[in-house]
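Examining the three-dimensional arrangement
Spelled out, the chains give:
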Amino acid sequence: MTAPLRLGTRGSTLALAQSGHVAEAVTAATGRPVELVEVVTAGDRSSAPVHRLGVGVFVSALRDALTAGTIDFAVHSYKDLPTAAAGGLHIAAVPPRQDPRDALIARGGRTLAELPPGATVGTGALRRIAQLHALGLQLEVTPIRGNIDTRLARVLGPDADLDAVVLARAGLARIGRADVITETLDPMLMLPAPAQGALAVECRVDDQDLIELLGTLDHAPSHAAVTAERALLATLEAGCSAPVAAYAELAEGEDGDEIYLRGAVISPDGTRDIRLSRTGTPADAAEIGKALAAELLELGADSILGHEGHTGPGTQQFGSTE
C-alpha cells in the first residue's frame, strides 16, 4: 500500500482549508493519499503587528520541515513567500487562483462610500492602510492581528469595537464566509497585494517524481499572473517597507492571450501614490513585472521606498492572507 504524502500546513482555519483542498486535488489527480501535518510558524506565535514581523514569518518553519524531510510538500499563501528563491526547494504548482480582490465587512451592510467620516476600519496590511488613507474618506484606520474569525468578531461579534474590517476575499471564500462581505473592493480603489488569492505548492527540488505529480495541479494563467506580480515586487524591494500593490489579469488580445499588469507604490499615510500599468504576453510575465517596476522607479517610487527606511534586502512586508 502506498504511504500517504505528508503535506505541511499552518494550523489556522484558513490554512487547513487551503491545504485540505490541495490534498483532495492531489488524491483526485493521482490516487495518492495525503495526510496533513500541522506546523507552527513564528508568525503564529507572535502578537506583533504583521508589518513589523518581517518577511517569511508564516513560511520559514514549513520550509525548515521540508528541508529536514519531516514533510513531503507544503502549501503556502503565495503572497506570504519571500521573493528570493529558497535553496533546495521548488514551487511545483500554482493551483487556480481565487478572486484576488480585497473585501469590506462593515456593520449595517455598509459599503466603503457609506462609512461616515471617523469610522474605524481595521486591517493588518500596510498596503491596505496606505490605500484607505489615499482615498481621503477621513476614516480611522487601525492595525489588527488574528485569524479571520478573530478579525470578523471585531465588527460582527457581541464585543465589536470596529465599524469595518478589510480582508482578502479569497480567504473568506475558502472558509465559506463570503456571505459576510458587504462590498468587494474594486482594484481601482484597493489594488491587491502581489499574489493575493494564489497558493504555492512547494516541495524539494531533488524530488523529481513529486514535482511531476504536483505539476498536474498547476494552472498556467494563474501562474503567469503571479509571476508578473512577484517580478514587480522583487525588482522594487531594495530593502523597503513601503506598501507595494500589483494585480495582473489575463485577457484575450488580437494576437492571443495578453497580461495586463497594474502596479502601485503608496506611502503609508496615503499622501504619495504612483500607479502604472503595462501589457505583454504570458510568456514574458517576469519581464513585464520587471519593466513596470523600472517605470515606477523612474517616476519616483524610489523616493517613497527610500523615505520609509531600509530594513535589509528581501523584506517586503504584507499581511498574511487572513
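In every chain, residue numbers begin from 1 and rise along the written sequence. Local features are withheld for residues below a pLDDT of 70 in this predicted model, meaning they are given only at 70 or higher, and side-chain atom pairs are given and counted only at 80 or more; totals for whole chains, interfaces and linings count all residues. In computing side-chain values, all of the structure's heavy atoms are included and hydrogens and water are not.

Here we look at the overall build of the protein
Worth spelling out the cut-off: Runs of H or I in DSSP of at least four residues are treated as helices and runs of E of at least two as strands, each being numbered from the N terminus. With a 1.4 Å probe rolled over the protein chains alone, any residue whose accessible area is under 20% of its type maximum counts as buried; one over 50% counts as exposed, and the rest are partly exposed. Contact between two residues is taken to exist if any of their heavy atoms lie within 4.5 Å; hydrogens are not considered. We get accessible surface area from the Shrake-Rupley algorithm with a probe of 1.4 Å; when it comes to residues, only the shown protein chains can shield them.
Helix and strand content of the protein: ten helices and 13 strands. Out of the 322 residues belonging to the protein, those deemed buried represent 51%. Relative to all contacts within the protein whose residues are 6 or more apart in sequence, the contacts with residues 24 or more apart total 70%. Looking at the protein as shown, the accessible area adds up to about 13300 Å², and 50% of this sits on carbon and sulfur atoms.

Things to note about the side chain of Glu 202
Let me state the cut-off plainly: We define a polar contact as two N or O atoms separated by no more than 3.5 Å, with the added condition that, inside protein, one atom must be a possible hydrogen donor and the other a possible acceptor, whereas residues neighbouring each other in sequence contribute only through side-chain atom pairs.
Turning to its location among the elements, Glu 202 is positioned in strand β10 (residues 199–204). Among the polar contacts listed, one links the side chain of Glu 202 to the side chain of Arg 63, at a separation of 2.9 Å. When residues no more than four places from it in sequence are discounted, the contact partners of Glu 202 are Arg 63, Leu 66, Phe 73, Ala 74, His 76, Ala 86, Leu 89, His 90, Ile 91 and Ala 92.

What to know about the pairing of strand β7 (residues 140–143)
The following threshold applies: At least two bridges found by DSSP between two strands are what make those strands a pair. We call a crossover right-handed when, viewed with both strands directed away from the observer, the connection leading from the first strand over the helix to the second proceeds clockwise.
As judged from the four bridges shared by strand β6 (residues 120–123) and β7, these two strands associate in the parallel manner. Following the sheet pairing, Val 121 is matched in β7 by Val 141. This β-α-β element, β6 to helix α5 (residues 126–134) to β7, shows right-handed connectivity.

Observations regarding unusual backbone geometry
With a phi angle near 60°, Gln 138 is a residue other than glycine that sits in the positive phi range. Secondary-structure assignment places Gln 138 in the loop between α5 and β7.

Observations regarding the environment of Val 121
In this fold, Val 121 is placed in strand β6. Val 121 gets classed as buried once you look at its relative accessible area, which sits at 0%. Along the primary structure Val 121 and Asp 163 are separated by 42 residues, whereas in three dimensions their C-alpha atoms are 5.9 Å apart.

Brief notes about the sheet that holds strand β11 (residues 244–253)
Test applied: Whenever a helix is involved, its axis is fitted only over the stretch in contact; in every case the axis is a line through C-alpha atoms, and angles between N-to-C directions fall within 0 to 180 degrees.
Read from one edge to the other, the open sheet built from three strands follows the order β11-β12-β13, with strand pairing classed as antiparallel. The two strands at the open ends of the sheet, each matched to only one other strand, are β11 and β13 (273–280). The sheet shows a mean angle of 15° between the axes of neighbouring strands, taken without regard to direction. As defined by bridge partners, strand β12 (residues 256–266) adjoins β13 across eight bridges and the pair is classed as antiparallel. Bridged to Ile 259 within β13 is Gly 280. Here helix α9 (residues 220–236) sits on the sheet in contact with β11 and β12, set at roughly 145° to β11.

Quick notes on the pattern of salt bridges
Pairs may arise between side chains of opposite charge once their charged atoms sit close together. The condition is simple: By definition here, a salt bridge exists when the distance from a side-chain nitrogen of Lys or Arg to a carboxyl oxygen of Asp or Glu is within 4 Å.
Overall, the coordinates contain 14 salt bridges when judged by the stated rule. A salt bridge links Asp 72 to Arg 6, with the shortest nitrogen-to-oxygen separation between them at 3.0 Å. One end of the pair, Asp 72, is in the loop between α4 (60–68) and β3 (73–77); the other, Arg 6, is in strand β1 (residues 5–9), with 66 residues separating them in the sequence. When its relative accessible area of 12% is taken as the criterion, Asp 72 is described as buried. On the basis of relative accessible area, Arg 6 is assigned to the partly exposed category, the value being 25%. Measuring nitrogen to oxygen at the nearest pair gives 2.9 Å for the salt bridge that ties Arg 262 to Glu 249. One end of the pair, Arg 262, is in strand β12; the other, Glu 249, is in strand β11, and 13 residues separate them in sequence. One connected set of salt bridges, linked through shared partners, spans Arg 6, Asp 72 and Arg 204.

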